[in-house]
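Residue strings, one per chain:
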Amino acid sequence: MRKQGKILKIIWWVYIALLFVFVVVKFKGSFYELTDRISTYSMQGSINYNLIPFRSMSTQIEYITQWWALKNLLGNIIPFIPFGFLLPITYKKFSSTISVFFTGLASILLIEIFQFLTKLGAFDVDDIILNMIGIVCGYLMFLVIKHIFVRDEGL
């Protein structure tokens, strides 16, 4: 059992590292692109926040048949599904609905604040909503799988 726990923790932290590099920082293999993005967001008058719920999301839903809109919607949901699934498996003290929800929300807020302060992205309330949808989907998958295995063990 201990070996499984260590492996799960390694998987969890590799996932968190990949999430940070590819979703938070949005590293695409080029440091030039990264510094260019920072300087673009740093330009005077550039706004890198959205505090109005569904402002950017409604446009993306309107144009959902276009790749850029679908990519942004799914790109904010899918990467967070493992968070909701792996957190309660890896750390038993975070297996309740409330702890997964608030740990996920706190993590997403830290990500959004980091992106805002570093100019590596924008603080967007719609991203928070979509990321939380991903976490909730992952947690629901965890609950379903847990229910199946607990029920099978009882037979």
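Residues numbered from 1 in each chain as written. Predicted model: local features only at pLDDT ≥ 70, side-chain atom pairs only at ≥ 80, totals over all residues. Heavy atoms only, no water.

(A) Examining the overall build of the protein chain more closely. When its secondary structure is counted, the protein chain shows seven helices and two strands. Scanning the protein chain from its N terminus toward the C terminus, one meets helices and strands in the order α-α-β-α-α-α-α-β-α. For the C-alpha atoms alone, the extent of the protein chain along its principal axes is close to 65 × 35 × 25 Å. By residue count, 30% of the 155 residues in the protein chain fall in the buried class. In the structure as shown, the protein chain presents an accessible area of about 10,100 Å², 73% of it carried by carbon and sulfur atoms. Within the protein chain, the 9 negative side-chain charges are centred at a point lying 13 Å from the centre of the 14 positive side-chain charges. (Helix = DSSP H or I, 4+ residues; strand = E, 2+ residues; numbered from the N terminus. Buried < 20%, exposed > 50% of the residue type's maximum accessible area, 1.4 Å probe, protein only. Areas by Shrake-Rupley, 256 points an atom, 1.4 Å probe, with all protein chains shown as cover. Lys, Arg positive; Asp, Glu negative; His and termini not counted. Charge placed at Lys NZ, Arg CZ, Asp CG, Glu CD.)

(B) Here's a closer look at the confidence of the model for the protein chain. Per-residue confidence for the protein chain averages 90 on the pLDDT scale, and 92% of its residues sit at or above 70. Helix α5 (residues 81-90) holds the highest mean pLDDT among the elements of the protein chain, 97, whereas helix α2 (residues 31-42) holds the lowest, 75. (pLDDT = per-residue confidence, 0-100.)

(C) Focus on the packing of helix α1 (residues 2-24) against α5. The interhelical angle for the contact between α1 and α5, taken along N-to-C directions, is 150 degrees, at an axis separation of 10 Å. Classified by the angle their axes make, α1 and α5 are roughly antiparallel. Crossing of α1 against α5: the hand is left-handed. Packed against α1, whose contacting residues are L8, K9, I11, W12, Y15 and I16, the element α5 presents P82, F83, L86, L87, I89 and T90 at the interface. The residue makeup of the contact of α1 with α5, split by class, is 10 nonpolar, one polar and one charged. (Axes fitted to C-alpha atoms, helices over the stretch in contact; angles between N-to-C directions. Parallel < 35°, antiparallel > 145°, perpendicular 65-115°, else oblique. Left-handed = near helix turned anticlockwise from the far one by under 90°. Contact = heavy atoms within 4.5 Å. Nonpolar A, V, L, I, M, F, W, Y, C, P; charged D, E, K, R; others polar.)

(D) Layout of the nonpolar core. Counting 18 residues, the largest nonpolar core has W12, Y15, F80, F83, L87, I108 and I135 as its most contacted members. Sorting the residues of this core by element identifies α1, α5, α6 (97-118) and α7 (125-154) as the ones contributing at least two each. Per-element accounting of this core gives the leading share, five residues, to α7. Excluding its chain neighbours within four sequence positions, the residues that come into contact with I135 are F80, F83, G84, V100, G104 and I108. (Core = buried A, V, L, I, M, F, W, Y, C linked by side-chain atoms within 4.5 Å.)

(E) Representation of a nonpolar patch on the surface within the structure. Residues I47, Y49, L51, L109, I113, F116 and L117 make up a contiguous nonpolar surface patch of about 690 Å² in total accessible area. Ranked by residues supplied to the nonpolar patch, first place goes to α6 with four residues. In this structure, L51 sits in the loop between β1 (49-50) and α3 (55-62). (Patch = residues over 30% accessible without salt bridge, like charges linked within 9 Å, V, L, I, M, F, W, Y side chains within 5 Å. Salt bridge = Lys/Arg side-chain N within 4 Å of Asp/Glu carboxyl O.)

(F) Representation of the environment of I128 in the model. Its location among the elements puts I128 in helix α7. Overall, the relative accessible area of 10% leaves I128 in the buried class. I128 sits 24 residues away from G104 along the chain, and the two C-alpha atoms are 9.8 Å apart. Leaving out residues up to four positions away in the same chain, I128 has contacts with L105, I108, L109, E112 and F123.

(G) Up close: α6. With 22 residues, α6 ought to run about 32 Å at 1.5 Å a step, and its terminal C-alpha atoms sit 31 Å apart, in line with that. Of all the residues in α6, the buried ones are S99, V100, G104, I108, I111, E112 and Q115. (Expected span 1.5 Å × (residues − 1).)

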